[in-house]
Amino acid sequence: MASSGEQWWRDAVIYQIYPRSWADSNGDGIGDLPGITARLPHLAELGVDALWLSPFYTSPQHDAGYDVADYRAVDPIFGDLTAFDELTTRAHTLGLRVIVDVVPNHSSNEHPWFRAALASAPGSPERARYLFRDGRDNGELPPNNWRSQFGGPAWTRVTEPDGTPGQWYLHLFDTTQPDFDWTNQEVRDEFEDVLRFWLDREVDGFRIDVAHGLVKAPGLPHVDLDLDPSVAATALSPMWDQPGVHEIYRSWRTLVDEYAVDGDDADRILCAEAWVLPSDALAQYVREDELHQSFNFEYLMTPWLAADQRATVTRSLAQAETVGAPQTWVLSNHDVVRHATRLGYPQVSGPQRIEGISADDPQPDAMLGLRRARAATAVMLALPGSAYLFQGEELGLPEATQLPDDVRQDPTFARTDGTSKGRDGCRVPVPWEGGVPSYGFGPGDSAWLPQPVEYGVLAADRQRGVVGSTLDLYSTLLSVRRRLRLGRGTVTWLDGYPDDVLAFSVTATNGSVTVLANLGDVPVPLPADAVVLASSQPRETGAVLGSDETVWLRA
Ligand code: NOJ
């Protein structure tokens with residue numbers, strides 16, 4: 001494996017693969033592990049350091065694999081353990097590290113433990129692995145007022161083995177995703193064993209699903225329903241960001257560190273998916289003896305407005321600094337509207353809309369969205385720290401905003417009676433070749449979600465080697481970033497530019513850049529002697545910096 005220096009994860013660029021949507025090898029319309037292995041050279045050419053695989057474990061797929069029935073097996077729709085080993089070996093040969101998802105907050109209702117819980121009596125050890133409780137009002141009402149993240153109540157009532165209406169179990173997500181009880185030592189031991197299982201198969205780390213949700217407030221008290229829902233999903237809620245989660249992650253850190261015996265370059269890493277605000281609470285997850293990374297979702301939700309961007313970046317860097325951790329930047333993933341589409345809407349201060357879009361909603365300005373997305377990515381990839389990319393963003397893929405309701409599969413759609421359109425729009429299979437069925441996603445005629453027609457011109461083969469394409473832009477940014485080691489640099493904000501321009505230098509050991517991003521309407525002259533290292537739009541020498549453009553200049 002190529003060495004990327006000490007503590008490789010501090011500035012790594014990690015590419016998220018959503019296995020069902022990246023590459024299909026067998027023509028069933030669903031992506032799979034052999035498909036991924038065959039396409040890995042794309043990532044090596046792009047110049048990322050690692051890939052993160054969303055779940056490929058055995059699952060009834062009620063939440064696209066985030067409902068795991070067997071944590072140590074590959075679902076047959078994706079392949080098998082041999083296919084996984086082949087993927088990892090090939091990735092390592094290409095110098096790419098492999099991160100896998102771990103889903104510790106809940107299992108599938110088809111997990112053997114949950115089946116055993118249903119077959120056992122209230123109060124039994126089998127039930128104690130999950131959060132079963134008696135209902136209120138003679139058992140008729142759920143134990144508390146918590147709501148599922150996917151809509152509807154967070155409790156489902158079971159029928160006891162003797163046929164009578166019985167206890168309720170907690171599920172912060174779909175009813176098919178029962179929450180574990182993390183006060184139970186058996187649950188803790190099981191997950192440490194699962195981590196070891198995949199570490200022994202040579203994975204380089206884990207992305208931890210719902211990392212802020214494992215521990216619930218003692219007694220499972222009611223939520224204060226008067227709280228703004230966006231606030232309720234943070235530290236003020238009894239189901240999120242409870243102090244007890246940190247003890248779990250300290251123990252996991254000790255465990256993964258055992259595997260880093262060959263020095264820093266062998267570090268196996270842990271990255272939290274924790275939607276925690278305010279951001280100083282998030283920094284607690286990346287203290288020295290806890291996790292290596294935690295996605296910066298505040299950054300993801302920051303509108304494309306210079307003052308907001310400057311404030312978020314400044315605050316984020318300062319907060320990471322307090323605990324000696326790198327920042328973990330991200331603009332898109334499989335749960336949010338792609339940034340090429342989000343940014344195609346008017347930008348207003350405050351957190352951005354990340355919910356799914358349908359044909360009945362106002363449609364984005366696609367050209368503007370892509371232009372801004374390219375500029376935003378050029379800002380992100382200049383910043384010190386680690387960055388995660390979501391599959392297809394290197395092609396400038398927009399969200400699919402016109403999916404018919406009858407193809408939608410995200411449980412959110414059904415659980416909210418269609419009020420929330422769900423997350424299918426960002427999960428549409430990737431186009432590899434223009435002009436062929438399923439745009440080369442697989443050998444079959446179609447993909448599990450229909451691809452928008454504009455994906456044809458955005459296919460990877462239409463962009464490869466084309467100067468000025470989004471793919472070319474990403475490769476250039478990644479190559480300059482790597483050469484200058486910008487991910488290890490220091491940011492200094494620069495004076496003397498209009499308020500709508502983000503202007504900063506990044507000083508790194510191998511060189512420095514000046515980054516200018518024009519978020520306003522007025523073109524900004526560039527210094528006459530500017531040497532452009534990368535530019536979010538193709539440009540003539542000496543041209544001005546137009547609206548929604550970012551340049552990296554040699555400093
Ligand atoms: C976060 C995952 O990213 C999302 O896709 C999933 O639905 C929930 N956690 C529940 O596992």
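Rules behind the numbers
Residues numbered from 1 in each chain as written. Predicted model: local features only at pLDDT ≥ 70, side-chain atom pairs only at ≥ 80, totals over all residues. Heavy atoms only, no water. Domains from an automatic or database assignment. Near = heavy atom within 4 Å. Polar contact = N/O pair within 3.5 Å; in protein donor to acceptor, adjacent residues only side chain to side chain. Areas by Shrake-Rupley, 256 points an atom, 1.4 Å probe, with all protein chains shown as cover. Nonpolar A, V, L, I, M, F, W, Y, C, P; charged D, E, K, R; others polar. 1 Å grid on protein atoms, 1.4 Å probe; cavity = no way out; pocket = protein on both sides within 12 Å on 5 of 7 lines; lining within 4 Å. Points joined across faces, edges and corners; volume = space filled by probe spheres on them. Helix = DSSP H or I, 4+ residues; strand = E, 2+ residues; numbered from the N terminus. Phe/Tyr/Trp six-rings, centres within 6.5 Å; stacked < 30°, edge-to-face > 60°. Buried < 20%, exposed > 50% of the residue type's maximum accessible area, 1.4 Å probe, protein only.

Draft legend 1. How the structure looks around the domain arrangement of the protein chain. Domain assignment breaks the protein chain into domain 1 (8–106 + 185–463), domain 2 (112–170) and domain 3 (489–554). Using C-alpha coordinates to define each centre, domain 2 is positioned 57 Å away from domain 3.

Draft legend 2. Summary view of the site of the ligand. Lining the immediate surroundings of the ligand are 13 residues, of which Asp63, Arg207, Asp209, His334 and Asp335 lie closest. Note that an oxygen atom of the ligand is positioned 2.6 Å from one of the side-chain N or O atoms of Asp209. Here Arg423 contributes a side-chain N or O atom positioned 2.9 Å from an oxygen atom of the ligand. Relative to its unbound accessible area of 290 Å², the ligand is 97% covered by the protein chains. Across the shell around the ligand, the residue classes tally to 4 nonpolar, 2 polar and 7 charged.

Draft legend 3. Focus on the layout of surface pockets. Of the voids in this model, the second largest pocket is the one considered here, and its volume is about 310 Å³. What lines the second largest pocket is a set of 15 residues, and nearest its centre among them are Glu321, Ala325, Pro326, Pro384 and Gly489. Secondary-structure elements contributing two or more residues to the lining of the second largest pocket are helix H9 (306–322) and strand E14 (490–493). For the lining of the second largest pocket, the element with the highest residue contribution is H9, accounting for 3 residues.

Draft legend 4. Main features of the packing of aromatic side chains. Throughout the structure, instances matching the rule amount to 28 aromatic pairs. Between Tyr249 and Trp252 the ring centres are 5.6 Å apart and the planes differ by 75 degrees, which places this aromatic pair in the edge-to-face class. Here Tyr249 pairs with Trp252, and both are found in helix H6 (residues 244–257), just 3 residues apart, close to one helical turn. The class of Trp252 is buried, set by a relative accessible area of 0%. Among the aromatic side chains, those forming a connected cluster through ring pairs are Tyr71, Trp113, Phe114, Tyr130, Phe132, Tyr169, Phe180, Trp182, Phe191, Tyr249, Trp252 and Tyr285.

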